[in-house]
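Structural features, examined
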Amino acid sequence: MPLEAIGPMLRRAIEAGYAVGYFESWNLESLQGVVDAAEQTRSPVILGFNGAFLSGPRRATERLSWYAALGRAAAESSSVPCGLIFNECPHDDWVRAAIAAGFNLVMLADPEASPEDLTNRVAALTRLAHAREVAVEAEVGELPCAATGETRGGCLTNPEAAVAFVEATGIDLLAVSVGNVHIQTEGEQGLDLHRLEQIRRRVSLPLVLHGGTGIAAGALQAAIALGVAKVNFGTYLKQDYLKAVRAALDRDSLDPHRLLGMGGPEDVLVAGRLAVRDAVLERIGLLGCSGKASLNLTFSAEERKEPAIKIERHG
C-alpha cells in the first residue's frame, strides 16, 4: 500500500488511545525486521532512518535517494500502514532533499542552533514540506544523552516555549523532553508526567517521545494515556542486532556464502533481521497498537493527503 499520511495515522492513534512506534532502521535487514514485526502484530508503524548519522562525517558518502527508495518500497509492499521519516537531521539541505526524495515525515534537529534561528529554519522547511504533503516534526527542549555511560546535557521542555514554537512554525508533531534520554544503553527511568500533562493542555498537536529504549513500561503507557502518539526506538534495536550478529559470526565455516546470503541458520544477515524483528515484538505491545492496522484502512482519499493534525486542547 502507499505511504500512510502521518496526520490521519496519528489521529486514529489519539482517538483509539494508542501510540505508533518509530523503530529506526540502518540497513536492509533492520528494515525487514521492523516490517516483519509490524505485519505479525498487525500494527501501523513508522519506518525511517537517522538523518544526523547519514548526513554526518562518514568514511563513505551516503546517497539519500537510496534510503528513500528502500523505505518507500518497504512501505508499499507491506500489508500494514507505514509512514516514512527522515529523523533528526541538523542540515537543512538534507531535510529538503528528503522531502523531494519521498519521505512523508521529516525532522530538523540542530542542538547548536539558537532558539530564534531554529524557529526560522523549521518554519521555512515546514512551508516547503506542506507544499509537498509532507509532515514535519520538531523538538522543543533537548534530551540528555547517555552514550558515554553517564547522562549529560539536555533541558526539559518548557510548556509556554512549546506553544510559541508551534504557533511560529506550523509544525505537525512536537517532540518533548520530559525525562526521556537519548542513547540509554542500560537501565530505565520514569517520566515527568506532570510536565507532559502541562504541555498537552497547551499544545494541540500529537506529542512524540524520543529515547524510547530507556523509558519504563509504566511511564510509557501513562504518557500514551496523556496524548503521546508516537514513540521512537533505536538504541536497543542495535544492541540486540549486534548481539545476534556476533553470535552468528562465532562459528567456524569455510563457505562464506553460508554466512552471507544463503539464508540458512548460519546466515549473519538473517540473524540480524530476526533479532530486530524480535526486539520490535518485545516493545510494540506496550504502545497498544497491535491489531490496529485495520483502523487505518478506512481513510478517505482526502484524509490521505493531510500532512498535519490538530487535536483539541484540554484547557
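Preceding this section is the structure that the text describes.
Now for a quick tour of the structure. Every value quoted in this text rests on a predicted model; they were computed, and no experiment measured them.

Here we come to the environment of Leu 242. Mapping Leu 242 onto the fold places it in helix H10 (residues 235-249). Of the residues examined, Leu 242 reaches a relative accessible area of 38% and is grouped as partly exposed. Remark: the alpha-carbon pair of Leu 242 and Val 276, spanning 34 residues in sequence, is separated by 9.8 Å.

Residue position: His 210 is located in the loop between strand E7 (207-209) and helix H9 (217-225). Leaving out residues up to four positions away in the same chain, His 210 has contacts with Asn 87, Glu 88, Met 107, Glu 137, Leu 143, Ala 175, Asn 180, His 182, Ile 215 and Asn 232.

Take the packing of aromatic side chains next. Applying the stated criterion across every chain yields a total of 6 aromatic pairs. Linked through ring pairs, Phe 23, Phe 233 and Tyr 236 together constitute an aromatic cluster.

What follows is about the packing of helix H4 (residues 64-77) against helix H5 (residues 92-101). Put simply, H4 and H5 touch, their axes get as near as 10 Å, and they point 40° apart. When the interaxial angle is binned, H4 and H5 end up oblique. H5 is crossed by H4, and the crossing has right-handed handedness. Contact residues: H4 offers Leu 64, Ala 68 and Arg 72, while H5 offers Trp 94, Ala 97, Ala 98 and Ala 101. A per-class count over the contact of H4 with H5 returns 6 nonpolar, no polar and 1 charged.

Calculation rules
Residues numbered from 1 in each chain as written. Predicted model: local features only at pLDDT ≥ 70, side-chain atom pairs only at ≥ 80, totals over all residues. Heavy atoms only, no water. Helix = DSSP H or I, 4+ residues; strand = E, 2+ residues; numbered from the N terminus. Buried < 20%, exposed > 50% of the residue type's maximum accessible area, 1.4 Å probe, protein only. Contact = heavy atoms within 4.5 Å. Phe/Tyr/Trp six-rings, centres within 6.5 Å; stacked < 30°, edge-to-face > 60°. Axes fitted to C-alpha atoms, helices over the stretch in contact; angles between N-to-C directions. Parallel < 35°, antiparallel > 145°, perpendicular 65-115°, else oblique. Left-handed = near helix turned anticlockwise from the far one by under 90°. Nonpolar A, V, L, I, M, F, W, Y, C, P; charged D, E, K, R; others polar.

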